[in-house]
Amino acid sequence: MRARTAAGTVLLLALTGCATGPALENRGEVTAPPGDSRHLTIGSAGFTESDLLAQMYAQLLNQAGYRTSLITVANREIYEPALESGQIDVVPEYAATFADWLNARTNGPDAPPVGSPDLTTTMKALRRLATPRGLTVLDPGRAVDQNAFAVTAAYARRHHLRTLTDLGASGLKVRLAAGDECVQRPYCEPGLKKVYGIDITGVDPKGVGTTQAKRAVQSGQDQMVLTTTTDATLGQFGLVLLADDRHLQNADYVVPVVNRARAGSERVTKALGKLNDILTTADLASMNQQVDSWRRLAQDVARTYLRDRDLLK
């Protein structure tokens, strides 16, 4: 569900025409040593969380002695080839989503998904697909942005719900506010029924985490909403997440992806790796809220976060 759009996206026409990547006959072989360009371009996918991650990457790399510039390209079909060609050097990505995207690009749109709820399996598949394209996938940290399900806090208290297993065991009938594709996607209605035994009576097609969908649950029209684990606005609607305790959702952990020939050095890995033990899912949700609800600049929120955690001087 990582298909997001943003206003004010910078159109990079040059990226569509000259992104080449490794020659096809050489894919599968990576012979050039990891590069260490002094000037690195950080890409953002144009939504708040991606902007925040890109800003943190840039600030950490600046501190490590690099000059950086940031660029926004909301369309993965454009920014991934630009990453291969070295027009973009670093992007924040999501492990399972990016693995499945590269798999479809490599093996065709009907290829079986390779992303899974297991992080180790997902990372192996992702690196296997990324390496022949001249890309290096750095280690994931603790932060994960994956699909999640929320109910009102009052509903959760009344029925003693903390997890999706609790909801399934309750026998409650649930109308779900989600995207219309939810009726077919294995992580949504079919998975909720099969994995958790939840009695889904219908899907109200109001979108993923939209204001309309949350209001439908807040009012009692629906009982649960499909959103994401870093949704910053749940509290405004009196909503709480139910834990995915049986791991229905894929392992969409945040991972930096770099162009190996330009940003594959140990120095880049070390600079970006500082986030791994610090940045959490809750941290991302809090920063998203500061930008989306409090109207703070992503650059300022990122800087404050890094300084408060002694990652930035």
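Note that the structure is predicted; figures quoted are calculated from it, not measured. Starting from 1, residues in each chain are numbered consecutively following that chain's sequence as written. In keeping with the predicted nature of the model, local features appear solely for residues at pLDDT of at least 70, side-chain atom pairs appear and are counted solely at 80 or more, and the whole-chain, interface and lining totals rest on all residues. Just so you know, side-chain values use all the structure's heavy atoms and leave hydrogens and water out.

1. Points about the overall build of the protein chain
Only DSSP runs of H or I reaching four residues or more are called helices, and only runs of E reaching two or more are called strands; each is numbered from the N terminus. What the protein chain contains, in helices and strands, is 13 helices and 10 strands. Classification of residues uses two cut-offs on accessible area relative to the type maximum, computed with a 1.4 Å probe and protein chains only: under 20% is buried, over 50% is exposed, and between them is partly exposed. For the protein chain, the proportion of its 313 residues judged to be buried stands at 52%. Pairs of residues are marked as contacts when any of their non-hydrogen atoms sit within 4.5 Å. Pairs at least 24 residues apart make up 76% of the contacts formed inside the protein chain by residues separated by at least 6 positions. Computed with the Shrake-Rupley method and a 1.4 Å probe, the accessible areas treat only the protein chains shown as cover for residues. About 14400 Å² of surface is accessible on the protein chain, with carbon and sulfur atoms providing 50% of the total.

2. Some thoughts on the packing of helix α3 (residues 76-85) against helix α4 (residues 95-107)
Under this scheme, a helix contributes an axis fitted over its contacting stretch, all axes are lines through C-alpha atoms, and angles between N-to-C directions fall in the 0 to 180 degree range. Packing of α3 against α4 leaves a shortest axis separation of 12 Å and a crossing angle of 85°. One element, α3, and the other, α4, form an angle in the roughly perpendicular class. Counted together, Arg76, Glu77, Glu80, Pro81 and Glu84 of α3 and Thr97, Phe98, Trp101, Leu102 and Arg105 of α4 form the full contact between these two elements. For the contact of α3 with α4, the class distribution of residues is 4 nonpolar, 1 polar and 5 charged. Working definition: roughly parallel below 35 degrees, roughly antiparallel above 145 degrees, roughly perpendicular at 65 to 115 degrees, and oblique for all remaining angles. Residues are grouped as follows: Ala, Val, Leu, Ile, Met, Phe, Trp, Tyr, Cys and Pro are nonpolar; Asp, Glu, Lys and Arg are charged; all remaining types, including Gly, are polar.

3. Observations concerning α3
Among the 10 residues of α3, 7 are classified as buried, and the element is accordingly described as predominantly covered. Residues of α3 that are buried include every one of Arg76, Tyr79, Glu80, Pro81, Ala82, Leu83 and Glu84, and no others. Here α3 starts with a cap whose side-chain oxygen sits 2.7 Å from the backbone nitrogen of Glu77, and that cap is Asn75. One or two positions beyond α3, positive phi appears at Gly86, with a value near 90°. Polar contacts here mean pairs of N or O atoms no more than 3.5 Å apart (in protein, one a potential hydrogen donor and the other a potential acceptor; neighbouring residues in sequence count only if both atoms are side-chain atoms).

4. Observations concerning the pattern of salt bridges
Counted as salt bridges are all cases of a side-chain nitrogen of Lys or Arg within 4 Å of a carboxyl oxygen of Asp or Glu. Inspection of the entire model under this criterion finds 15 salt bridges. With its nearest N and O atoms 2.7 Å apart, the salt bridge here joins Asp204 to Lys206. By relative accessible area, Asp204 is classed as buried at 6%. Linking Asp300 and Arg303 is a salt bridge whose minimum nitrogen-to-oxygen distance equals 3.2 Å.

5. Focus on the packing of aromatic side chains
Note on aromatic pairs: the rings of Phe, Tyr and Trp (six-membered ring only in Trp) are paired at centre separations within 6.5 Å, and the planes decide the class, stacked below 30 degrees, edge-to-face beyond 60, tilted for the rest. If you walk through the whole model with that rule in mind, you get 2 aromatic pairs. Ring geometry for Phe47 versus Tyr94: centroids 6.4 Å apart, planes at 25°, classification stacked. With a gap of 47 residues between them, Phe47 in the loop between β1 (39-44) and α2 (48-63) and Tyr94 in strand β3 (residues 90-94) connect regions that are remote in the sequence. Ring plane angle 10° and centroid distance 6.4 Å describe the contact between Phe98 and Trp101, whose orientation is recorded as stacked. You can see Phe98 and its partner Trp101 sitting in helix α4, 3 residues apart, about one turn around the helix. Here Phe98 matches Trp101 in class, with each residue buried. Arg267 extends its terminal NZ or CZ atom over the ring of Tyr66, reaching a point 4.1 Å from the ring centre. Any Lys NZ or Arg CZ that is within 6 Å of a ring centre and within 35 degrees of that ring's normal is treated as a charge sitting over the ring.

6. Concerning the packing of α2 against helix α11 (residues 266-273)
The contact between α2 and α11 brings their axes to 9 Å, and the two run at 125°. In terms of orientation, α2 lies oblique with respect to α11. Taken as a pair, α2 and α11 cross one another with a handedness that is right-handed. Taking contact as the criterion, the partners of Tyr57, Leu60 and Leu61 in α2 are, on α11, Val268, Ala271 and Leu272. A clockwise turn of the near helix away from the far one marks a right-handed crossing, whereas an anticlockwise turn of less than a right angle marks a left-handed crossing.

7. Section: helix α5 (residues 119-130)
For a helix, the expected span equals 1.5 Å multiplied by the number of residues minus one. The end-to-end C-alpha distance of α5, which contains 12 residues, comes to 16 Å, matching closely the 16 Å that a straight helix rising 1.5 Å per residue would cover. Among the residues of α5, Thr122, Met123, Ala125, Leu126, Leu129 and Ala130 are the ones counted as buried. The buried side chains of α5 occupy one side of the element, clustering within an arc of 165° when seen end-on. Of the exposed residues in α5, those oriented more than 90 degrees away from the buried face are Lys124 and Arg128. Residues of α5 that are buried in the fold lie against α4, β4 (135-137) and β10 (254-259). Measuring from the backbone nitrogen of Thr120 back to the side-chain oxygen at the start of α5 gives 3.3 Å, which picks out Asp118 as the cap. What the arc measures is the spread of directions leading from the helix axis to the C-beta atoms.

8. Some words on the sheet that holds strand β9 (residues 239-242)
Overall, mixed pairing links the 5 strands, which are arranged β7-β6-β8-β5-β9 in an open sheet. The open sheet terminates on both sides in strands that have one partner only, identified here as β7 (199-205) and β9. Each neighbouring strand pair of the sheet contributes to a mean axis angle of 40°, computed without reference to strand direction. Across the sheet, helix α8 (residues 189-196) lies against β5 (147-152), β6 (173-178), β7 and β8 (224-228), angled at about 165° from β7, the strand it touches most. Along the sheet, helix α9 (residues 211-218) makes contact with β5, β6, β7, β8 and β9, crossing β8 at roughly 145°. The rule for pairing is simple: two strands pair if DSSP sees at least two bridges between them.

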